[in-house]
Amino acid sequence: MAQLPDLSDLAQPGAEIALRVTPKASRNRIERGEDGGLRVYVTVVPEDGKANVAVQKLLAKAMGIARSRLTLLRGQTARDKVFRVD
């Protein structure tokens, strides 16, 4: 399993996390850019919301919170997504 960055600093209730997703990547990983933006790479294909679920799982794991605490606000079918921490 890839080493995930520690994103626990983002796990504040009400926080909105913007990220860019790359589906069909060679492995699951999260990278934090110099600008502070997040890039999430998932191995699954972007159909029927599978990539969104994979991103949600990966993000929750990196943040150390339950997956159910992350809500996808915007970007259901786009590469740029915004999740809210509940």
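Cut-offs used in this document
- Residues numbered from 1 in each chain as written.
- Predicted model: local features only at pLDDT ≥ 70, side-chain atom pairs only at ≥ 80, totals over all residues.
- Heavy atoms only, no water.
- Pairing = 2+ DSSP bridges.
- Helix = DSSP H or I, 4+ residues; strand = E, 2+ residues; numbered from the N terminus.
- Axes fitted to C-alpha atoms, helices over the stretch in contact; angles between N-to-C directions.
- 1 Å grid on protein atoms, 1.4 Å probe; cavity = no way out; pocket = protein on both sides within 12 Å on 5 of 7 lines; lining within 4 Å.
- Points joined across faces, edges and corners; volume = space filled by probe spheres on them.
- Contact = heavy atoms within 4.5 Å.
- Polar contact = N/O pair within 3.5 Å; in protein donor to acceptor, adjacent residues only side chain to side chain.

The subject of this paragraph is the sheet that holds strand 1 (residues 16–22). Taken together, five strands build an open sheet; the order of strands is 2-3-1-5-4 and the sheet is mixed. Among the strands making up the open sheet, the edge pair consists of strand 2 (29–32) and strand 4 (70–74). Averaged over all pairs of adjacent strands, the angle between strand axes in this sheet comes to 35 degrees, irrespective of strand direction. As paired strands, strand 2 and strand 3 (residues 38–41) are joined by four bridges and run antiparallel to one another.

Taken as a whole, the largest pocket holds about 200 Å³ of empty space. Lining the largest pocket we find 14 residues, and of these Pro46, Gln76, Thr77, Ala78 and Lys81 sit closest to its centre. For the lining of the largest pocket, the element with the highest residue contribution is helix 1 (residues 50–63), accounting for three residues.

The next subject is the environment of asparagine 52. Tracing the backbone through its elements, the reader meets asparagine 52 in helix 1. Residues asparagine 52 and threonine 77 lie 25 residues apart in sequence; the distance between their C-alpha atoms is 8.7 Å. With residues near it in sequence (within four places) discarded, asparagine 52 still touches Leu72, Gly75, Gln76, Lys81 and Phe83. At 2.8 Å, the side chain of asparagine 52 forms a polar contact with the side chain of lysine 81.

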